[in-house]
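Coordinate analysis (summary)
This is what each chain is made of:
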Amino acid sequence: MPALGGLLIGPIVTRFARETRGQGVSDVMLAVETAGSRIRARVAPTMAVTTALTLGSGGAAGRQGPIVQIGAGLGSTIAQALRLSNDNVRLLVACGVAGGVAAAFNAPIAGVFFALEVVLRSITTRNFGVVMIASLAATVTSASLLGADPLVAIPEYRLEHAIEIPLYAVLGGIAAVVG
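Residues numbered from 1 in each chain as written. Predicted model: local features only at pLDDT ≥ 70, side-chain atom pairs only at ≥ 80, totals over all residues. Heavy atoms only, no water.

1. Observations concerning unusual backbone geometry
- Residue Arg83 is not a glycine yet carries a positive backbone phi of 55°.
- Mapped onto the elements, Arg83 comes out in the loop between helix 4 (64-81) and helix 5 (86-105).
- For Arg83, a relative accessible area of 76% gives the class exposed.
- A positive phi is found at Arg121, a non-glycine position, where the angle reads about 55°. (Helix = DSSP H or I, 4+ residues; strand = E, 2+ residues; numbered from the N terminus. Buried < 20%, exposed > 50% of the residue type's maximum accessible area, 1.4 Å probe, protein only.)

Following this line, the structure appears as structure tokens:
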């Protein structure tokens, strides 16, 4: 199934948006530094479709790269449609990235600092405030649509007996050596 998914994805990427074949985060950083933060409008939908096909066919893809590229693409597309200045295009790209990361991971503060440090590479009062609003709006929207429960439930763990402590210490030592 992953090979079949790859056969479907290849022509889509080649035809619509070659820039979606990369890692996502590095492509956004490159666009911010070399292309004036201008990302083609077809990048976000192409990335959404190819990510869905990749995951749906059993392929491996993380959440961070695709969501960063989709958020940045949407922010850039909106900014370009409104004919905003280069600085404001960069800011909306950062807002899209922050919103995407915040919604995907239910982590609004991480979304803000990821966008400021990785995309904008500077923290100013103006940038911080605008990116924070975008991140919080995305988190609230995501929580209201999907719920606030974690995606992966972590089972409760209890120490049953004191003998477990040295066993865990041995396991930790083995893991350290193997790692």
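Let us keep going from here.
2. What about the packing of helix 5 against helix 7 (residues 125-146)?
- In the contact formed by helix 5 and helix 7, the axes pass within 8 Å of each other and the chain directions differ by 35°. Considering the relative orientation of helix 5 and helix 7, their crossing is right-handed. Side by side, helix 5 and helix 7 meet where Asn88, Leu91, Ala94, Cys95, Ala98, Gly99, Ala102 and Ala103 of the first sit next to Arg126, Asn127, Val130, Val131, Ala134, Ser135, Ala138, Thr139 and Ser142 of the second.
- The residue makeup of the contact of helix 5 with helix 7, split by class, is ten nonpolar, six polar and one charged. (Axes fitted to C-alpha atoms, helices over the stretch in contact; angles between N-to-C directions. Left-handed = near helix turned anticlockwise from the far one by under 90°. Contact = heavy atoms within 4.5 Å. Nonpolar A, V, L, I, M, F, W, Y, C, P; charged D, E, K, R; others polar.)

3. A word on the pattern of salt bridges
- Applying the stated criterion across every chain yields a total of one salt bridge.
- A salt bridge links Arg158 to Glu156, with the shortest nitrogen-to-oxygen separation between them at 3.2 Å. In terms of burial, Arg158 and Glu156 fall into one category: exposed. (Salt bridge = Lys/Arg side-chain N within 4 Å of Asp/Glu carboxyl O.)

4. Some thoughts on the environment of Tyr157
- Mapped onto the elements of the fold, Tyr157 is located in the loop between helix 7 and helix 8 (164-178).
- What makes Tyr157 exposed here is its relative accessible area of 52%.
- Those residues in contact with Tyr157, other than ones at most four positions away along the chain, are Glu164 and Tyr168.
- Within the local environment of Tyr157, its side chain forms a polar contact with the side chain of Tyr168, the two groups lying 2.6 Å apart. (Polar contact = N/O pair within 3.5 Å; in protein donor to acceptor, adjacent residues only side chain to side chain.)

5. Comments concerning the confidence of the model for the protein
- When pLDDT is averaged along the protein, the result is 85; 96% of the residues meet or exceed 70.
- Per-residue pLDDT, averaged within each element of the protein, yields its smallest value for helix 2 (residues 25-34) (76) and its largest for helix 8 (94). (pLDDT = per-residue confidence, 0-100.)

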